[in-house]
Amino acid sequence: MVKKLQKMSADKKTGPQLSGAVKESAQQIWLAGLGAFSKAQEEGGKVFETLVKEGLSIQRKTQAVAEEKISEATSKMANMATDITSKAGHQWDKLENIFEERVAKALNKLGVPSAKDVEALIARIDELNKNVQKMSAKTPASKAAAPAPAKKAAAKRPAARKSA
């Protein structure tokens, strides 16, 4: 455009020719602008679709990375919770054992028999019962020979009292 105007001015043409050249140049600029606009519209849709596809791809990648990080964090938190629960459980077990030992000592000082003592007594009673049954099975004649008044005398005795 500039070259045309310079050529025309070099030729020293008149004003009407110059205004025609300006109109023609303006027309060409206008047509070039319309062409660029049309081209931008055609390719703008394609560019927009391409940008949407790229954005979708980036979003998927970002979500995958975020989910992976969340999964890692969740697993770390679960492991930490398990460790803390385990440690707390051990501490409670220790505390419970200390408490049981102290209660057992206090009961022992008060003269209360322990569970082991009671079990030993039960075993001893069972053994004595077996021995009594064996002895009573061996001497059935001695039962018949025993005098009846002895049974009555035993029945008249008062029951022994337990001391408190």
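A quick note: this is a predicted structure, and the numbers were derived from the prediction, not measured. (Residues numbered from 1 in each chain as written. Predicted model: local features only at pLDDT ≥ 70, side-chain atom pairs only at ≥ 80, totals over all residues. Heavy atoms only, no water.)

### Quick notes on the overall build of the chain
Scanning the chain for helices and strands turns up 5 helices and 0 strands. Moving toward the C terminus, one meets the helices and strands of the chain in the order α-α-α-α-α. Among the 164 residues that make up the chain, the fraction classed as buried is 1%. Surface accessibility of the chain: about 15,400 Å² in total, with carbon and sulfur atoms responsible for 63%. (Helix = DSSP H or I, 4+ residues; strand = E, 2+ residues; numbered from the N terminus. Buried < 20%, exposed > 50% of the residue type's maximum accessible area, 1.4 Å probe, protein only. Areas by Shrake-Rupley, 256 points an atom, 1.4 Å probe, with all protein chains shown as cover.)

### So, the confidence of the model for the chain
On average, residues of the chain score 80 in pLDDT, and 76% of them are at 70 or above. Element-level pLDDT for the chain is lowest in helix α5 (residues 148-156), with a mean of 50, against a maximum mean of 92 in helix α3 (residues 115-138). Within the model, pLDDT remains below 50 along residues 151-155, and this stretch shows 0 contacts once partners closer than five positions in the same chain are excluded. In the model, residues 157-164 has pLDDT below 50 throughout and makes 0 contacts with residues more than four positions away in sequence or in other chains. (pLDDT = per-residue confidence, 0-100. Contact = heavy atoms within 4.5 Å.)

### Things to note about a nonpolar patch on the surface
Together, Phe-99, Val-103, Leu-107, Leu-110 and Val-112 make up a nonpolar patch on the protein surface, roughly 480 Å² of accessible area in all. Within the secondary structure, Val-112 is located in the loop between α2 (15-109) and α3. (Patch = residues over 30% accessible without salt bridge, like charges linked within 9 Å, V, L, I, M, F, W, Y side chains within 5 Å. Salt bridge = Lys/Arg side-chain N within 4 Å of Asp/Glu carboxyl O.)

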